[in-house]
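Descriptive structure summary
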Amino acid sequence: MRIGELARRTGVSERSLRYYEEQGLLAAERTPGGHREYPEAAVDRVVRIQELFAAGLCSSKIARLLPCMRDADGGPSAVATPKLVEDLAAERERIDRTIADLLRSRETLDEVIDAARGR
């Protein structure tokens, strides 16, 4: 499929798809005219990439993790290693710390808002 169809099917911009390719996250064949051609599996790959970005991972970490994950369901692939589990656990801990920081910030803002309202 061409880049426009992949963008339409995944809800991801063509620009982002080109970025994914530049970062080694997504691969495309080229037609003789230079157009990108993606396999059907690219849809699942793009969805997986979006999920990992949404989880707060950077493109370089995603590039290291993708070979260890199945695109269709996100489960470990045959090449998954204990390092994958270690990396994912570290990312989860980082996210937990960020959530705790954000909750403290919200509590502080609530106190300031309540004080400003004269409560």
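Residues numbered from 1 in each chain as written. Predicted model: local features only at pLDDT ≥ 70, side-chain atom pairs only at ≥ 80, totals over all residues. Heavy atoms only, no water.

In the nomenclature of an unreviewed UniProt entry, the protein chain corresponds to MerR family transcriptional regulator from the organism Streptomyces fumanus.

Here we come to the packing of helix H1 (residues 3-10) against helix H3 (residues 42-54). For any two helices packed against each other, the geometry is given by the interaxial angle and the distance between the axes. Contact geometry of H1 with H3 gives a least axis separation of 10 Å together with a crossing angle of 55°. The angle between H1 and H3 places the two elements in the oblique class. For H1 against H3, the interelement crossing comes out right-handed. Only Ala42, Val43 and Val46 of H3 make contact with H1, whose side of the interface consists of Leu6, Arg9 and Thr10. By residue class, the composition of the contact of H1 with H3 is four nonpolar, one polar and one charged. (Axes fitted to C-alpha atoms, helices over the stretch in contact; angles between N-to-C directions. Helix = DSSP H or I, 4+ residues; strand = E, 2+ residues; numbered from the N terminus. Parallel < 35°, antiparallel > 145°, perpendicular 65-115°, else oblique. Left-handed = near helix turned anticlockwise from the far one by under 90°. Contact = heavy atoms within 4.5 Å. Nonpolar A, V, L, I, M, F, W, Y, C, P; charged D, E, K, R; others polar.)

In the numbering used here, UniProt assigns the "domain: HTH merR-type" (unreviewed entry) feature to residues 1-68. The span residues 1-68 is 54% helix and 6% strand, and its two end C-alpha atoms sit 25 Å from each other. (UniProt positions renumbered as here; feature names shortened; annotations may be inferred.)

This part is about the domain arrangement of the protein chain. Per the domain assignment, the segments making up the protein chain are domain 1 (1-78) and domain 2 (80-119). A C-alpha centroid distance of 29 Å is found between domain 1 and domain 2. At the interface, nine residues of domain 1 touch seven residues of domain 2. The junction of domain 1 with domain 2 conceals about 710 Å² of combined surface from both sides, 64% of it contributed by carbon and sulfur atoms. Run the count over domain 1 and domain 2 and you get one salt bridge. Where domain 1 meets domain 2, there are one residue pair in polar contact (both at pLDDT 80 or more). Class assignment for the residues of the side of domain 1 that touches domain 2 results in six nonpolar, two polar and one charged. (Domains from an automatic or database assignment. Buried area = accessible area lost by both parts, 1.4 Å probe. Salt bridge = Lys/Arg side-chain N within 4 Å of Asp/Glu carboxyl O. Polar contact = N/O pair within 3.5 Å; in protein donor to acceptor, adjacent residues only side chain to side chain.)

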